[in-house]
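Coordinate analysis (summary)
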Amino acid sequence: MVGIVIISHSRTLAEGVAEVARAMGVGKAVVEPAGGDSEGRLGTSIDLVEQAVAAADDGDGVVLLADLGSSVLTAKMLIEDAEGDDVLLADAPLVEGAVAAASMAATGADLAAVHAAAESARDHRKTN
């Protein structure tokens, strides 16, 4: 199953988004948080992201969702350093993208479909 990693400057935010996404993935989707810096403060940590990717990856690939700024840069750096093309960064809103990705991953969809589902969340409006 495709794994999902939530990258945020805040550990609490990453854990909360992961919790919601897991629920929407009916307990089947593997969603790992990577929030805050290595000391639990606001920030990002490539080490935490690498650990989360390793925990989420069962061989079918991983979709990364990041909140902003250095979280996006950290995700891009991880992808550049990774061997292969089995880790993708979704250009998507964090919560909506994570829910869409988890819902799709729970169906057993492949990496491209889970990535596309996350990115399709950009088009979901909350009001008319």
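Every chain begins its residue count from 1, and numbering advances along the sequence as written. Note on the predicted model: pLDDT of at least 70 is required for a residue's local features to be given, and 80 or more for side-chain atom pairs to be given and counted; whole-chain, interface and lining totals, by contrast, use all residues. Excluding hydrogens and water, the side-chain figures rest on all heavy atoms present in the structure.

**What about a nonpolar patch on the surface?**
- Like-charged residues within 9 Å of one another, or nonpolar side chains (Val, Leu, Ile, Met, Phe, Trp, Tyr) within 5 Å, are grouped into patches, provided each residue has over 30% relative accessible area and no salt bridge. Every accessible area reported is derived by Shrake-Rupley at a probe size of 1.4 Å, with residue values counting cover from the shown protein chains alone. Salt bridge, as used here: a side-chain nitrogen of Lys or Arg that lies within 4 Å of a carboxyl oxygen of Asp or Glu. On the surface, a nonpolar cluster with roughly 230 Å² of combined accessible area is contributed by Val20, Met24 and Val95.
- Segments assigned H or I by DSSP are reported as helices when at least four residues long, segments assigned E as strands when at least two residues long, and all are numbered from the N terminus. In this fold, Val20 is placed in helix H1 (residues 11–24).
- When accessible area is computed with a 1.4 Å probe and restricted to protein chains, residues below 20% of their type maximum are described as buried, those above 50% as exposed, and intermediate ones as partly exposed. The class of Val20 is partly exposed, set by a relative accessible area of 39%.

**Some details on the nonpolar core**
- Definition of nonpolar core: a set of buried residues of the types Ala, Val, Leu, Ile, Met, Phe, Trp, Tyr and Cys, connected through side-chain atoms within 4.5 Å. Ranked by size, the top nonpolar core spans 22 residues in total, and within it Ile4, Ile6, Val31, Val63, Leu65 and Val114 carry the most contacts.
- Mapped by element, the contributors of at least two residues to this core are strand S1 (3–8), H1, strand S3 (62–66), helix H4 (94–105) and helix H5 (111–120).
- A total of five residues in this core trace back to one element, the largest contributor, which is H4.
- In what follows, residue pairs with any heavy atoms lying within 4.5 Å of each other are defined as contacts. The contacts of Val114, once residues within four sequence positions are left out, are Val2, Val63, Ala101, Met104, Ala105 and Ala109.
- With 13 residues, the next largest nonpolar core counts Ala34, Ala52, Val53 and Ala66 among its residues.

**With respect to helix H2 (residues 46–56)**
- Considered for burial, the residues of H2 that qualify are Val49, Ala52, Val53 and Ala56. Burial along H2 is one-sided: seen end-on, the buried residues are contained in an arc of 100°. For H2, the exposed residues lying more than 90 degrees away from the buried face are Gln51 and Ala54. Throughout, the arc means that of the directions going from the helix axis to the C-beta atoms.

**What about the UniProt feature "domain: PTS EIIA type-4" (unreviewed entry) in the protein chain?**
- UniProt positions are given in the numbering used here, feature names are shortened, and annotations may be inferred rather than shown by experiment. Here, UniProt's "domain: PTS EIIA type-4" (unreviewed entry) annotation points to residues 1–125.
- Summarising residues 1–125: 47% helix, 16% strand, and an end-to-end C-alpha distance of 28 Å.

**Quick notes on unusual backbone geometry**
- Of note in this structure, Val26 is not a glycine but carries a positive phi near 45°.
- If you trace the backbone, Val26 turns up in the loop between H1 and strand S2 (30–35).
- Judged by its relative accessible area of 59%, Val26 falls in the exposed class.

**Things to note about the pattern of salt bridges**
- In this structure the tally under the stated criterion is five salt bridges.
- Arg41 is the partner of Glu39 in a salt bridge, and the nearest nitrogen-oxygen pair spans 2.9 Å.
- The closest approach of N and O atoms between Glu119 and Arg122, which form a salt bridge, is 3.9 Å.
- Judged by relative accessible area, which is 48%, Arg122 ranks as partly exposed.
- Through salt bridges that share partners, Asp37, Glu39 and Arg41 make up one connected network.

**A word on the sheet that holds S2**
- Strand order in this open sheet of four strands is S2-S1-S3-S4, and the pairing throughout is parallel. In this open sheet, the two edge strands, each paired with only one partner strand, are S2 and strand S4 (87–89). When strand polarity is set aside, the average angle formed by the axes of neighbouring strands in this sheet is 20°.
- Here S1 pairs with S3 via five bridges, running parallel. In the sheet register, Val5 faces S3, and the bridge partner there is Leu64.
- Packing against the sheet, H2 makes contact with S1, S2, S3 and S4, and its axis sits at approximately 175° to S2. DSSP calls a pair of strands paired once it identifies at least 2 bridges connecting them. The convention used is that axes are lines fitted to C-alpha atoms, helices contributing only their stretch in contact, and that angles between N-to-C directions extend from 0 to 180 degrees.

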